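Structure at a glance
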Number of protein chains: 2
Amino acid sequence: MKILIIGAAGMVGRKLVARLCADRGLAGKAIDSMLLYDIVEPEKPDAPWVVETGVGDLSDPGEAERLVTGRPDVIFHLAAVVSGEAETDFDKGYRINLEGTHRLFEAVRALNDSPRLVFASSIAVFGAPFPEKIGDEFLNAPLSSYGTQKACCELLLSDYSRRGFFDGLAIRLPTVVVRPGRPNKAASGFFSNILREPLAGQEAVLPVSREVRHWMVSPRAAAGFLVHAAAIDTQAVGPRRALTMPGVSVTVAEMIEALDRVSGEKRSALIREEPDELVNRLVSGWPRDFNAERATELGFTADSSIDDIIRTHIEEEMGGKLG
Amino acid sequence: MKILIIGAAGMVGRKLVARLCADRGLAGKAIDSMLLYDIVEPEKPDAPWVVETGVGDLSDPGEAERLVTGRPDVIFHLAAVVSGEAETDFDKGYRINLEGTHRLFEAVRALNDSPRLVFASSIAVFGAPFPEKIGDEFLNAPLSSYGTQKACCELLLSDYSRRGFFDGLAIRLPTVVVRPGRPNKAASGFFSNILREPLAGQEAVLPVSREVRHWMVSPRAAAGFLVHAAAIDTQAVGPRRALTMPGVSVTVAEMIEALDRVSGEKRSALIREEPDELVNRLVSGWPRDFNAERATELGFTADSSIDDIIRTHIEEEMGGKLG
């Protein structure tokens, strides 16, 4: 089995590579080779199969065709300009996120062997106003260019799959928490910061009210979604190939309680409240909770609780020891 | 006021031009000039303002830029490869319906003066299964490439409008009945044929069961939607710029009863039932009824009944006299 991972250097991409190496296969089959591609050089894992890496821009003419010449059996497309950048650089967002993806779909179509294609979409395809719990039949009305690009790609993916050009699944990832690494400038970054920093003995800033509710998943569960999407029987999915992934819906207050509970210490004392108007306004337009019925029926599973998400972080990123 | 109509030679385009000429203006303002564009030469109306015509392919590089050099105040974009052709010629459908529209949006954005842009979308953005009545928050899950292309364009239109590049509205037209002219090969053609032909004293073929229910509107009301969309206060519309238009939901049986009632004769005797497997299968995936609440609140009005739709046809296309 030949695997292509586009966006392999990103956080979710690295988790996916690690998961495949740990599983030593995919969907019950042996992996023969892996091409890891990104805009920066992906790290080469220690794997018992051929691993190649590639660096480039998917939206460059000819690049997508070049990428799929090895005729992969499974393609994971995770590469994207992130939401903030797609908003500030309109042209770049459309070029990479929409045109780049469309070019990939066309290149795969030209192969004429209908591989599995798993596309990382996002809950940013939804925009307020929405019900407290968003169901599987709720409209996509994004309030960002990033969400618009993802929603368009979902539609293309369903159509290309219906026509048999590939066998696609678009999985809408919840916000991934706890993101490893340093605090970044993403508006959603504080959801990770208020857990990761106190766990490491560092201060963190909370820019929103403790009543804010959001939809999240661990990096481990996100990688699990991708692996499951590559293995699933798509006959059971039908023509609607975009699936809202399950997640954990919690308030900031509940996250903070879980932080103290899991750490066994009053680590929340390291959280400093510093309300930020802009972040508050952005967050108010984000989904809070979902009824991810279809994905759940199809066997996608998220973390069982925010406590679980925190424990996963301590285990995977901190070697089991608090800072 | 300068007006650009793309797709002016089509049935809805011609109705729109006639309506603007009859109104002698748009949105309470005088019209200074009109550019009528299509893939075939549009007919030049007898109008009290400058009328230019243009012929070409919107998806050709540079064509969209050339079209908007006159800096139109209002753009109607009605041009599309129809649903059947978009299905049989995959590349052409995407090139014209998605790439062509995207090129137009980019050309308008480059003008930097945010004109009103009215885009003719379609109920083909919806695909089965759906509720008996489809509401304004139901997801777009098209089951055709045509519907996919329209749904993508709607998303782009909302995003470009949100960013202020133009002031767009996408209006989802019901099936237009009674289409003037000769019977055509469109799968939905029978909805018009079973009225138009008997009214003209000709035989018509009914390929589906009389229980089939569908959503329709007269050509006159469709032109009215376009004119209203050009005049409306978009502040009241908000960021969700795609609107399902109101229509009339009737069964084939009700259409046939109305035919006899309005004609005052048993014209339905001219309808021959000849079930067609393919048409039946296609029709079963089409929407039957909508709750077009948003559009209704925004002042869009459809015909009041199927009787009205038939009377409009007799008046506009038959000079008030049956054949």
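Residues numbered from 1 in each chain as written. Chains lettered and ligands numbered in written order. Predicted model: local features only at pLDDT ≥ 70, side-chain atom pairs only at ≥ 80, totals over all residues. Heavy atoms only, no water.

Per an unreviewed UniProt entry, chain A is named SDR family oxidoreductase, and its organism is Hoeflea poritis.

Looking at the packing of aromatic side chains
Within this structure, the stated rule accounts for 26 aromatic pairs over all chains. Between Y160(A) and F165(A), the aromatic rings sit 5.7 Å apart at their centres with planes inclined by 75°, giving edge-to-face as the arrangement. With a relative accessible area of 0%, Y160(A) lands in the buried category. Through a chain of ring-to-ring contacts, the aromatic side chains of F90(A), Y94(A), F105(B), Y160(B), F165(B) and F166(B) assemble into a single cluster. Between R109(A) and the ring centre of F165(A), over which it is positioned, the NZ or CZ distance is 4.8 Å. (Phe/Tyr/Trp six-rings, centres within 6.5 Å; stacked < 30°, edge-to-face > 60°. Buried < 20%, exposed > 50% of the residue type's maximum accessible area, 1.4 Å probe, protein only. Lys NZ or Arg CZ within 6 Å of the ring centre and 35° of its normal.)

With respect to unusual backbone geometry
Between A128(A) and the following residue, P129(A), the backbone shows a cis peptide bond with an omega angle of 0°. With respect to the element layout, P129(A) can be found in the loop between strand 5 (116-122) and helix 5 (145-162). V178(B) follows V177(B) through a cis peptide bond whose omega is 0°. We note that S114(A) has phi near 40°; this positive angle belongs to a residue other than glycine. Its place among the elements puts S114(A) in the loop between helix 4 (90-111) and strand 5. Under the relative-accessibility criterion, S114(A) is labelled partly exposed at 32%. At R24(B), a position not held by glycine, the phi torsion is positive, near 55°. Inspection of the secondary structure assignment puts R24(B) in the loop between helix 1 (11-23) and strand 2 (33-38). Assessed through its relative accessible area of 55%, R24(B) is described here as exposed. (Helix = DSSP H or I, 4+ residues; strand = E, 2+ residues; numbered from the N terminus.)

Details of the interface of chain B and chain A
With 34 residues of chain B in contact, the opposing surface of chain A contributes 34 residues. Carbon and sulfur atoms make up 57% of the surface buried where chain B meets chain A, a total of about 2,700 Å² over both sides. Its largest share of buried area at the contact with chain A, chain B owes to F90(B), L155(B) and R240(B), together 24% of the area lost on that side. Summed over the shared surface of chain B and chain A, the result is 6 salt bridges. Among the secondary structure elements, those contributing two or more residues to the side of chain B that touches chain A are helix 3 (83-88), helix 4 (90-111) and helix 5 (145-162) of chain B. Grouping the amino acids of the side of chain B that touches chain A by side-chain chemistry returns 18 nonpolar, 6 polar and 10 charged. (Contact = heavy atoms within 4.5 Å. Buried area = accessible area lost by both parts, 1.4 Å probe. Salt bridge = Lys/Arg side-chain N within 4 Å of Asp/Glu carboxyl O. Nonpolar A, V, L, I, M, F, W, Y, C, P; charged D, E, K, R; others polar.)

Re the nonpolar core
Residues V68(A) and V68(B) are the most contacted members of the largest nonpolar core, which totals 80 residues. Among all residues touching V68(B), those that are not within four sequence positions of it are L4(B), I75(B), L104(B), A107(B), V108(B) and L111(B). Listed in part, the 41 residues of the second largest apolar core include I3(B), I5(B), V12(B) and A229(B). (Core = buried A, V, L, I, M, F, W, Y, C linked by side-chain atoms within 4.5 Å.)

Remarks on the UniProt feature "domain: NAD-dependent epimerase/dehydratase" (unreviewed entry) in chain A
UniProt's feature table lists "domain: NAD-dependent epimerase/dehydratase" (unreviewed entry) at residues 3-226 of chain A, given in the numbering used throughout. As annotated, residues 3-226 of chain A comprises 37% helix and 20% strand, and the C-alpha atoms at either end are separated by 13 Å. (UniProt positions renumbered as here; feature names shortened; annotations may be inferred.)

Some words on the relation of the copies chain B and chain A
When chain B is fitted to chain A, the best match, at an RMSD of 0.0 Å, comes from turning it 180° and sliding it 0.0 Å along the axis. In short, the pair behaves as if placed about a two-fold rotation axis. Closest approach to the rotation axis within chain B is made by the C-alpha atom of L139(B), at a distance of 1.9 Å. A shared interface surface links the copies, since 100% of the contact residues of chain B are contact residues in chain A too. (Least-squares fit on C-alpha atoms with pLDDT ≥ 70 in both.)

Regarding helix 7 (residues 219-231) of chain B
Residues and elements named next belong to chain B. When the terminal C-alpha atoms of helix 7 are compared, their 19 Å separation across 13 residues agrees well with the 18 Å that a helix rising 1.5 Å per residue should span. Most of helix 7 sits out of view: 10 of its 13 residues are buried. Residues P219, A221, A222, A223, G224, F225, L226, V227, A229 and A230 constitute the buried set of helix 7. (Expected span 1.5 Å × (residues − 1).)

Digging into the sheet that holds strand 9 (residues 213-217) of chain A
Residues and elements named next belong to chain A. The 3 strands are arranged 7-9-11 in an open sheet whose pairing can be described as mixed. Every interior strand has two partners, whereas the edge strands, strand 7 (175-176) and strand 11 (248-251), have only one. Two elements, strand 9 and strand 11, share 4 bridges in a ladder whose sense is antiparallel. Note that in strand 11 the partner of M216 across the bridge is V248. (Pairing = 2+ DSSP bridges.)

Overview of the packing of helix 8 (residues 252-263) of chain B against helix 11 (residues 306-317) of chain B
Residues and elements named next belong to chain B. Packing of helix 8 against helix 11 brings their axes to within 9 Å, and their N-to-C directions diverge by 50°. One finds that helix 8 runs oblique with respect to helix 11. For the pair helix 8 and helix 11, the crossing hand works out as right-handed. Of the residues in helix 11, those in contact with E254, M255, A258, L259, R261 and V262 of helix 8 are I306, D307, I310, R311 and I314. Grouping the constituent residues of the contact of helix 8 with helix 11 by class yields 7 nonpolar, no polar and 4 charged. (Axes fitted to C-alpha atoms, helices over the stretch in contact; angles between N-to-C directions. Parallel < 35°, antiparallel > 145°, perpendicular 65-115°, else oblique. Left-handed = near helix turned anticlockwise from the far one by under 90°.)

Some points on the sheet that holds strand 7 (residues 175-176) of chain B
An order of 7-9-11 (chain B) is seen for the 3 strands of this open sheet, with the pairing classed as mixed. With partners counted over all chains shown, the strands left at the sheet margins are strand 7 and strand 11 (248-251) of chain B, one partner each.

Describing the side chain of T244(A)
Residue and element names in this part refer to chain A. Turning to its location among the elements, T244 is positioned in strand 10 (residues 242-244). Within polar-contact distance, the side chain of T244 engages the side chain of R172 at 2.9 Å. Apart from residues lying up to four places away in sequence, T244 is in contact with F126, D136, R172, F290, A292 and A295. (Polar contact = N/O pair within 3.5 Å; in protein donor to acceptor, adjacent residues only side chain to side chain.)

Concerning helix 6 (residues 190-199) of chain A
Note that an α-helix has 3.6 residues per turn; residues three or four places apart therefore point the same way. All names here are of chain A. Counting buried residues in helix 6 gives 10 out of 10 residues, a clear majority hidden from the surface. Turning to helix 6, its buried residues are F190, F191, S192, N193, I194, L195, R196, E197, P198 and L199. Following helix 6 by one or two positions, G201 has its phi on the positive side, about 85°.

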